[in-house]
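Descriptive analysis of the structure
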Amino acid sequence: MSAGTVVSARFTGDIAVLKDGALTWTCPPVTPSYGTPLTGSSPATTTLRIARLSP
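Within any chain, residue numbers begin from 1 and follow the written order of that chain's sequence. Per-residue local features are limited, in this predicted model, to residues with pLDDT of at least 70; the limit for side-chain atom pairs, both in listing and counting, is 80 or more; totals at the level of whole chains, interfaces and linings are taken over all residues. The side-chain numbers reported here are obtained from all heavy atoms of the structure, hydrogens and water having been left aside.

A separate point is the overall build of the protein chain. The way it works is that DSSP assigns letters per residue, a run of H or I at least four long becomes a helix, a run of E at least two long becomes a strand, and they are numbered from the N terminus. Within the protein chain, the regular secondary structure consists of zero helices and three strands. Written out in order from the N terminus, the α and β elements of the protein chain read β-β-β. A buried classification covers 7% of the 55 residues belonging to the protein chain. Residue exposure ignores everything except the shown protein chains as possible cover, and the areas themselves are Shrake-Rupley values with a 1.4 Å probe. Of the roughly 5,000 Å² of accessible surface on the protein chain, 58% is carried by carbon and sulfur atoms. Buried residues are those whose accessible area, probed at 1.4 Å on protein chains only, stays under 20% of the maximum for their type, while exposed residues exceed 50% and partly exposed ones sit between those limits.

Quick look at the structure:
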């Protein structure tokens, strides 16, 4: 990966940089839908995934 690489993903939340330069963050194991406006309360989950983007 280079500085000019575009990743087609949406990143939210806290992102940490590891010693090797990789980025890591937690995310829910679902794909959000942006086809309709968000109304009401947010969906709940009891699990998280740890994602890692290596240099």
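What follows concerns the pattern of salt bridges. A pair is scored as a salt bridge if a Lys or Arg side-chain nitrogen falls within 4 Å of a carboxyl oxygen belonging to Asp or Glu. Within the structure shown, the criterion is met by one salt bridge. When the shortest N-O distance is used, the salt bridge between Asp-20 and Arg-52 registers 2.4 Å. Residue Asp-20 is located in the loop between strand 1 (16-17) and strand 2 (23-27), and its partner Arg-52 is located in strand 3 (residues 49-53); the two are separated by 32 residues in the primary sequence. Classification of Arg-52 by relative accessible area gives partly exposed; the value is 48%.

Read across the sheet, three strands follow the order 1-2-3 without closing on themselves; strand pairing throughout is antiparallel. Both edges of this open sheet fall to strand 1 and strand 3, since each of them pairs with a single strand only. With five bridges connecting them, strand 2 and strand 3 associate as antiparallel partners. Its bridge partner lying in strand 3, Cys-27 is registered against Arg-49. If DSSP finds at least two bridges between two strands, the strands pair.

Turning our attention to the pairing of strand 2. Residues in a regular strand project their side chains so that they alternate between the two faces of the sheet. Across two bridges, strand 1 lies against strand 2 in antiparallel orientation. Residue pairing in the sheet places Val-17 in a bridge with Leu-23 of strand 2. Remark: five residues form the turn of the hairpin made by strand 1 and strand 2, two consecutive strands paired antiparallel; Gly-21 in that turn has positive phi of roughly 90°.

Another aspect to go through is the side chain of Thr-24. As for its position among the elements, Thr-24 is in strand 2. By the criterion applied in these results, polar contacts are pairs of N or O atoms within 3.5 Å in which, for protein atoms, one can donate a hydrogen and the other can accept it, and in which residues neighboring in sequence qualify only through two side-chain atoms. A polar side-chain atom of Thr-24 sits 2.9 Å from the main-chain carbonyl oxygen of Ala-51. Once residues lying within four places of it in the same chain are set aside, the contact partners of Thr-24 are Asp-14, Ile-15, Ala-16, Leu-18, Ile-50, Ala-51 and Arg-52. Whether two residues are in contact is decided by their heavy atoms, any of which lying within 4.5 Å being enough.

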